[in-house]
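Residue-level structure breakdown
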Amino acid sequence: MELDFDVKKLIKQAMGARMKAYAPYSNYQVGAALLSAQGRVYPGCNQENASYGATVCAERVAFFRAVQEGERAFRAIVIVGGKAGEEPDSYAYPCGICRQVMKEFCKDDFLIIVAKNTKEYEISTLAELLPHGFGGENLA
Ligand code: THU
């Protein structure tokens, strides 16, 4: 797939975000790098809590940071996840709640890129990962 942005750079930014993960309970560290339509990048890491349900995924941290800065349109997100202290050996596809948050702000062609490293990654669209999703248009 031809991309109009530097995917390897975005993967490196997600890997950098993963270094900040606060995951003392699961020891599963996730980093995300969210690219806005105007070309800015918002990193996020997962942030766990002793009250497990208060945990927030890396993807949502990235989205909430971006929206706080006034962003409303997005091009792509890279997600890198794996056991603490190890290079990821599988792809960390976003959980259902994060897919729903993406649906709030992104169109069907938003790119979700899961990566193990700068050479191994898979690209999907939001429409592929959240078919028949529920969105604001249903409430209009
Ligand atoms: N996690 C993410 O940050 N993103 C995902 O898409 C899946 C799960 C985090 C939440 C929790 O801190 C840890 O991974 C284990 O579920």
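Look a little higher up for the structure.
Report on the accompanying structure. (Residues numbered from 1 in each chain as written. Predicted model: local features only at pLDDT ≥ 70, side-chain atom pairs only at ≥ 80, totals over all residues. Heavy atoms only, no water.)

A word on the packing of aromatic side chains
This is how the line gets drawn: When the centres of two rings from Phe, Tyr and Trp lie within 6.5 Å, Trp using its six-membered ring, the rings pair. Their planes under 30 degrees apart give stacked, over 60 give edge-to-face, and anything left gives tilted. By definition, any uninterrupted DSSP run of H or I lasting at least four residues is a helix, any uninterrupted run of E lasting at least two residues is a strand, and each is numbered from the N terminus. Only protein chains enter the accessibility calculation, which uses a 1.4 Å probe. A residue is then buried if its area is under 20% of the maximum for its type, exposed if over 50%, and partly exposed in between.
What the rule picks out here adds up to 4 aromatic pairs. Aromatic side chains Tyr-25 and Tyr-52 sit 5.8 Å apart centroid to centroid with 45 degrees between the ring planes, which places their arrangement in the tilted category. Taken as a pair, Tyr-25 in the loop between α1 (7-18) and β1 (28-36) and Tyr-52 in the loop between β2 (41-45) and α2 (58-68) lie far apart in primary sequence, 27 residues in all. Overall, Tyr-52 belongs to the exposed group, its relative accessible area being 61%. Through a chain of ring-to-ring contacts, three or more aromatic side chains come together here, namely Phe-63, Phe-74, Phe-105 and Phe-110.

Topic: the site of the ligand
To keep things clear, this is the line we draw: One heavy atom within 4 Å of a molecule or strand is enough for the residue carrying it to be called near that molecule or strand. Any pair of nitrogen or oxygen atoms within 3.5 Å is treated as a polar contact; in protein, a donor-acceptor pairing is required on top of that, and neighbouring residues in sequence qualify only through side-chain atoms on both sides. Surface accessibility follows the Shrake-Rupley procedure with a 1.4 Å probe radius. Residue values consider only the protein chains on display as shielding. Here a cavity denotes grid points, spaced 1 Å and computed from the protein atoms alone, that fit a 1.4 Å probe unable to get out, and a pocket denotes an open set having protein on both sides within 12 Å along at least 5 of 7 lines; residues with an atom within 4 Å of a point are the lining. A pocket or cavity is taken to hold a molecule when more than half of that molecule's atoms are within 2 Å of the pocket's grid points.
The ligand sits among Ser-26, Tyr-28, Val-30, Asn-46, Glu-48, Thr-55, Cys-57, Ala-58, Glu-59, Tyr-93, Pro-94 and Cys-95. For the ligand, an oxygen atom lies 2.9 Å from a polar atom in the backbone of Ala-58. Summarising the interface, the protein chains cover 78% of the accessible area of the ligand, which totals 370 Å² for the free molecule. Here the ligand is seated within the largest pocket. Counting only elements with at least two residues in the shell around the ligand, the list comes to β1 and α2.

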